[in-house]
Amino acid sequence: MSLSFSLRQETVRENDERTLHDSEVIDKAFMKLDAPIIIKESAGIPRIQEPVTVGIPIPKGVLTDPVRLSLIDSDQTDIPLQATPLAHWPDGSIKWILLDFQARIKGGEIKELQLQTTADKNSLPAPSLSIDERDNTIIVDTGSACFHIPTDTFKPFSRVVIDDQNFITGKNSTTVLTDPDNLESIAVISSWEWETRGPLRSTVKFIGNFLNDQQEEQLSFIARLSFFAGMSTCKVDFTLWNPRAAIHPGGLWDLGDPGSFYFNDLSIHLFPKFNQQPEIRWQETVDSVPVNVSDTNLLLYQDSSGGTNWQSKNHVNRDNAVKTSFQGYKVSSSGKEIKKGLRAEPGIAEDDGQKRISAVVQYFWQNFPKALEADDKKITIRFFPHQYNDVFELQGGERKTHTCLLDFQKSAQEQEISGWMHKPLEVRSTPEWYAASLAVPYLIPDSQDNEKLLPSLIRPAIEGNNTFFDRREVIDEYGWRNFGDWYADHEAVGYKGPPPMIAHYNNQYDGIYGTLCQYIKTGDYRWFLLGDQLCQHVRDIDIYNTDNDKPEFNKGLLWHTEHYLNAETVTHRCFSKRHAEFRNLDCYGGGPAMSHNYANGLLYHHYLTGDVDSKESVLELADFIQTTIKSRTTLTYFLVGVVRKLRGKVRNLFHGHAMVDFDKVYSMNGPGRGSGNAISTLMTAYELTKNKQYLQIAEDVIQICIHPADNIEKMDMLDIENRWMYTVFLQALGKYLDTTIEDADAQLWKYVRDSLLHYSRWMVDNEYLYLETPQKLEYPNETWAAQEIRKCNVLLYAAKYSDQKDRQLYLDKAMFFFQGCLRQLQSQKTRDLTRPITLLLQNALMPSFFQASHDDNVSTPPSNLVSKNKNHSWGTL
């Protein structure tokens, strides 16, 4: 089958100048920026002054100064706007811009704003924050409230003043960590900085430690307080963190590790300063009617998810016991139960007729256990409540972030804040704008996608009766450690034990990236929820957040749980001592490695949300790669490598047949998965920071692993089980070429291009659909069909950077693998499992992009990008 694709380059050279494509949207953008901003309210709650933060891409060359931006409402009113650049194009113009504004929208309404560059403004009076720093105190005046924040201990406030009335007694308000013996530690701040400081939103970041009475450090914390102009609400993001290393004896990572820290409670206690006895009320969900409590105290406690499988073995503790006590939540007043239910999305408030203080916790039931309490003296937000029937264990290198809103108002004011947390506004641009900006490589809007079978294979993740949301219910993928991760249901195929099998995905094949790309491609908010929730989980639980372990483990991404085995007491850390019945523990175990390293989704999460945690996680993963590569030059690493090889040989003997060859799969001995993911992560960090150190290391890895004159025939590339991952590496080469295209005259750039073309030509002549020879595969399943899309993408890169006479050859072969992938998947009953869908999500953009191009729009690559002949002069290795 032959198909003519056009190569609609992200950048083309005309008259020695780089220009954008002749897209209608882009042409308009050059004359005048006019980007649509869509706001959707889906909870039926009017939003009067809801803060919004959203990242929007800008076409190359259009915007250099964010001050020129205006946000225009339908009545041509200029909405106050705070705009912060997140990324720049190579010419210095802004590529991604972070917008902060406050939305006014009716319940159930969808409205469109316009982001423009214009000199004509009909501005509303703009509220603005003012900040003062004095005597260990930060004072933030939003115009509606004045927040006093101490910089020695995290309370979080010493005072909150509205119209000269103080709402908080700072002497007692505090954040407390309680150990298993009920001894308390106080949150002591060691450093702080303004992460964002603007007229509409300012965010201050605190770092510190919990200290007990003996001034001994217990756990660390990171806290972010965000304030909004004209509002008396503060958003609190609080991260509890165990920076110690896990001991993981024998490379096994079970709960109960000596590096874990155990505690009984973590709570924020606010002591209101009321003039008279307050009235206490609570709200079960966003759309429920607030309920007053006749007594002077209230406890709303969520013990489990409230789902059918609330007692799932997913929730085992260090003793392999499930400690949840009852299904759902209970509400009690003065110790008497007044209400029970399954899944609470609550708010709680105290009001004395003059002052009202409210608190809401995001993902309350999903991150169980949780509690909200109020009495006549204080309001307590229990992120880790002592009411749970066990101590909490935070493993070495593990964190957990909770988000809550605290609101202070006069009683006469009516401002609903629970919707912010539980049902936030959906804010985005259009798929057409994201694609036309060219800020996301190979993106086209769903409306222009000519391929129908591929979307139908992806869509079960969000549509039907077995979505990724539904799959959470199978193993009750909830609770503070689990929520956000995906159920790895593909591991349960052939599982012989009692159902359900417990398996976690840990962002394998970058599900964050895949879902966020589908979100901006389709505009469907369900994709964003999957990606955003997975991102929060990955940053806290899956990344090994420590500097105190072996250099080749620190800050790496921990593996998905073991293939075809229950996770047991290992939770999200792969290798368990409880696998001894199935694995020879003498040759078993490990830790974070370059092979499981995915940063691209974290980058786009940062661009779409402005979340600094996502940005920092990209750099953590890149630093992990740097450290791992540097450690390869040490004697210790050499000895570790010898041990791993010996373990591999023992493992092969134990299984009675050849298993994975460590050198071929995970080392930097030729193109493979570990080296490919390392290059991709380093290039992601380079794109984020423009720090050439990341680029240099990526180039070193490339030159170590591949050469344009490699003797491929001697490399046994058709050893499928051990060599299939070379396509991951070649895809990373394509990413390198795209990212560094501005340096296309560089000798190394041509080295990389010619290496890609050398291997691609071999693929054209030798590669085939692997499921056609199932006898060569240990597990001939649907995943092999899904992986074929990688070959398609490699050959599309080759077509993009080849000369005219070879281009159609690569395109035809790319289409062969693409259609083969879809055809084989369609024939598999297991095509809807998590792994094949995620593989398609990660790799779906390129085939759709190339197919959607039209022959009359063919853009010929600049002459210096084209390989003139196959007889390159690189010599031999």
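Residues numbered from 1 in each chain as written. Predicted model: local features only at pLDDT ≥ 70, side-chain atom pairs only at ≥ 80, totals over all residues. Heavy atoms only, no water.

## Describing the overall build of the protein chain
Item 1. Of the regular secondary structure elements, the protein chain holds 20 helices and 33 strands.
Item 2. Across the 877 residues that make up the protein chain, the buried fraction comes to 63%.
Item 3. Taking the intrachain contacts of the protein chain between residues at least 6 apart in sequence as the baseline, contacts between residues at least 24 apart amount to 72%.
Item 4. Carbon and sulfur atoms form 48% of the exposed surface of the protein chain, whose accessible area is close to 32900 Å². (Helix = DSSP H or I, 4+ residues; strand = E, 2+ residues; numbered from the N terminus. Buried < 20%, exposed > 50% of the residue type's maximum accessible area, 1.4 Å probe, protein only. Contact = heavy atoms within 4.5 Å. Areas by Shrake-Rupley, 256 points an atom, 1.4 Å probe, with all protein chains shown as cover.)

## Re helix H17 (residues 782-801)
Item 1. For H17, a buried count of 20 out of 20 residues is recorded, marking the element as mostly surrounded by other parts of the structure.
Item 2. Regarding H17, its N-cap is Asn781, as a side-chain oxygen of that residue lies 3.1 Å from the backbone nitrogen of Thr783 further along. (Polar contact = N/O pair within 3.5 Å; in protein donor to acceptor, adjacent residues only side chain to side chain.)

## Overview of the side chain of Asn677
Item 1. Here Asn677 lies in helix H12 (residues 673-689).
Item 2. Asn677 sits in the buried class, given a relative accessible area of 7%.
Item 3. If we skip the residues at most four places from it in the chain, Asn677 touches Met594, Ser595, His596, Asn597, Tyr598 and Val728.

## Here's the deal with the sheet that holds strand E33 (residues 426-428)
Item 1. The sheet built from five strands is open, its strands ordered E6-E5-E9-E3-E33 with antiparallel pairing. Whereas interior strands pair on both sides, the edge strands pair on one side only; in this sheet they are strand E6 (78-79) and E33. (Pairing = 2+ DSSP bridges.)

## As for the sheet that holds strand E7 (residues 82-88)
Item 1. If you trace the three strands from one edge of the open sheet to the other, you get E4-E8-E7, paired in antiparallel fashion. Bordering the open sheet on either side are strand E4 (47-57) and E7, each of which pairs with just one other strand. The sheet shows a mean angle of 20 degrees between the axes of neighbouring strands, direction not considered.
Item 2. Sheet topology note: the E7/strand E8 (residues 94-105) ladder contains six bridges and is antiparallel. Counterpart to Pro85 in the pairing with E8 is Ile97. (Axes fitted to C-alpha atoms, helices over the stretch in contact; angles between N-to-C directions.)

## Comments concerning the pattern of salt bridges
Opposite charge on two side chains makes pairing possible when the charged atoms of those side chains draw close.
Item 1. Inspection of the entire model under this criterion finds 41 salt bridges.
Item 2. Here Asp547 makes a salt bridge to Lys555, at a shortest N to O gap of 3.4 Å. (Salt bridge = Lys/Arg side-chain N within 4 Å of Asp/Glu carboxyl O.)

## Considering the pairing of strand E15 (residues 174-178)
Item 1. The buried fraction of E15 is high, at five of five residues.
Item 2. Burial of the side chains of E15 extends over both faces: Thr174, Val176 and Thr178 are buried on one face and Thr175 and Leu177 on the other.
Item 3. Relative to strand E21 (residues 265-270), E15 is paired through five bridges, and the arrangement is antiparallel. Pairing of Thr178 across the sheet is with Asp265, part of E21.
Item 4. As defined by bridge partners, E15 adjoins strand E16 (residues 184-197) across three bridges and the pair is classed as antiparallel. Counted as the bridge partner of Leu177 is Ser185 from E16.
Item 5. Connecting the antiparallel pair E15 and E16 is a turn made up of five residues, with Asn182 showing a positive phi of about 65 degrees.

## Digging into the environment of Pro59
Item 1. Here Pro59 is to be found in the loop between E4 and strand E5 (69-72).
Item 2. The sequence separation of Pro59 and Ser437 amounts to 378 residues, and the corresponding C-alpha distance is 4.3 Å.

## Comments concerning helix H5 (residues 468-475)
Item 1. All buried positions along H5 are accounted for by Phe468, Arg471, Arg472 and Ile475. For H5, the angular spread of the buried residues around the axis is 115 degrees, confining them to a single face.
Item 2. Buried-residue contacts for H5 involve helix H7 (525-542) and helix H19 (834-843).
Item 3. Two or three places before Phe469, at the opening of H5, Thr467 has a side-chain oxygen 3.2 Å from that residue's backbone nitrogen. (Arc of directions from axis to C-beta.)

## Looking at the nonpolar core
Item 1. Residues Ile37, Trp96, Leu99, Phe101, Leu730 and Tyr736 are the most contacted members of the largest nonpolar core, which totals 170 residues.
Item 2. No other element matches H17, which puts twelve residues into this core.
Item 3. Core analysis: the second largest hydrophobic core is formed by 66 residues, Val140, Ile189, Val204 and Trp480 among them. (Core = buried A, V, L, I, M, F, W, Y, C linked by side-chain atoms within 4.5 Å.)

## A look at the environment of Arg68
Item 1. Topologically, Arg68 is positioned in the loop between E4 and E5.
Item 2. Leave out the neighbours within four places in its chain, and Arg68 touches Val62, Leu63, Gln116, Thr117 and Thr118.

## Examining the packing of helix H16 (residues 747-766) against helix H18 (residues 804-826)
Item 1. Two elements in contact, H16 and H18, have axes whose closest approach is 10 Å; the angle formed by their N-to-C orientations is 60 degrees. Compared by their axis directions, H16 and H18 come out oblique. In this structure, H16 crosses over H18, and the sense of that crossing is left-handed. Packed against H16, whose contacting residues are Leu757, Ser760, Arg761, Met763 and Val764, the element H18 presents Asp806, Leu809, Tyr810 and Lys813 at the interface.
Item 2. Considering only residue class, the contact of H16 with H18 consists of five nonpolar, one polar and three charged. (Parallel < 35°, antiparallel > 145°, perpendicular 65-115°, else oblique. Left-handed = near helix turned anticlockwise from the far one by under 90°. Nonpolar A, V, L, I, M, F, W, Y, C, P; charged D, E, K, R; others polar.)

## Observations concerning the pairing of strand E27 (residues 347-351)
Item 1. With five of five residues buried, E27 is to be regarded as a mostly interior element.
Item 2. Going residue by residue along E27, you find Gly347, Ala349 and Asp351 tucked away on one face and Ile348 and Glu350 tucked away on the opposite face as well.
Item 3. As paired strands, strand E22 (residues 279-283) and E27 are joined by five bridges and run antiparallel to one another. Residue pairing for E27: Glu279 is matched across the bridge by Asp351.
Item 4. Where E27 lies against strand E28 (residues 355-361), five bridges are found, and the strand directions are antiparallel. Within E28, the position partnered with Ile348 by the bridge is Ala359.
Item 5. Following E27, the chain reverses through three residues before pairing antiparallel with E28; Gly353 in that reversal takes a positive phi of roughly 95 degrees.

## Overview of the state of the cysteines
Item 1. In the structure shown here, the tally under the stated rule is zero disulfides.
Item 2. Of all cysteine sulfurs, the one in Cys234 lies closest to Cys404, which takes part in no disulfide; the gap is 7.9 Å. (Disulfide = S-S within 2.5 Å.)

## What to know about the confidence of the model for the protein chain
Low pLDDT means the predicted atomic positions in that stretch should not be read closely.
Item 1. With 88% of its residues at a pLDDT of 70 or more, the protein chain shows a mean pLDDT of 89.
Item 2. Per-residue pLDDT stays below 50 along residues 634-644; that stretch engages in six contacts with residues further than four places along the chain or on separate chains.
Item 3. Note on residues 654-660: pLDDT is under 50 here. Beyond four places in sequence and across chains, it has 13 contacts. (pLDDT = per-residue confidence, 0-100.)

## Points about the environment of Leu405
Item 1. Considering the arrangement of structural elements, one finds Leu405 in strand E32 (residues 399-410).
Item 2. In the structure, Leu405 is positioned 47 residues away from Ser358 in sequence and 7.9 Å away in space, judged by C-alpha atoms.

## A word on the packing of aromatic side chains
Item 1. Across all of its chains, the model carries 47 aromatic pairs by this definition.
Item 2. Seen from their ring centres, Phe147 and Phe157 are 5.4 Å apart, and the 45 degrees between their planes marks the pair as tilted. Note that Phe147 is positioned in strand E12 (residues 146-150) and Phe157 in the loop between E12 and strand E13 (159-162), a separation of ten residues in sequence. For the residue pair Phe147 and Phe157, the accessibility class agrees, reading buried in each case.
Item 3. Through a chain of ring-to-ring contacts, the aromatic side chains of Phe154, Phe206, Phe210, Phe221, Phe238 and Phe383 assemble into a single cluster.
Item 4. In this structure, Lys330 is placed above the aromatic ring of Phe326, and the distance from its NZ or CZ to the ring centre is 4.3 Å. (Phe/Tyr/Trp six-rings, centres within 6.5 Å; stacked < 30°, edge-to-face > 60°. Lys NZ or Arg CZ within 6 Å of the ring centre and 35° of its normal.)

## What to know about unusual backbone geometry
Item 1. Backbone torsion omega between Phe368 and Pro369 reads -5 degrees, so that peptide bond is classified as cis.
Item 2. Between Pro499 and the following residue, Pro500, the backbone shows a cis peptide bond with an omega angle of -5 degrees.
Item 3. Relative to the assigned elements, Pro500 resides in the loop between H5 and helix H6 (511-522).
Item 4. The phi torsion at Glu568 lies on the positive side, around 55 degrees, for a residue other than glycine.
Item 5. Structurally, Glu568 can be placed in the loop between H7 and helix H8 (600-609).
Item 6. We classify Glu568 as partly exposed; its relative accessible area is 28%.

## Description of the side chain of Thr203
Item 1. With respect to the element layout, Thr203 can be found in strand E17 (residues 201-211).
Item 2. Since its relative accessible area comes to 4%, Thr203 is described here as buried.
Item 3. Among the polar contacts listed, one links the side chain of Thr203 to the side chain of Arg201, at a separation of 3.0 Å.
Item 4. Of note is the side chain of Thr203, whose polar atom sits 2.8 Å from the side chain of Ser226.

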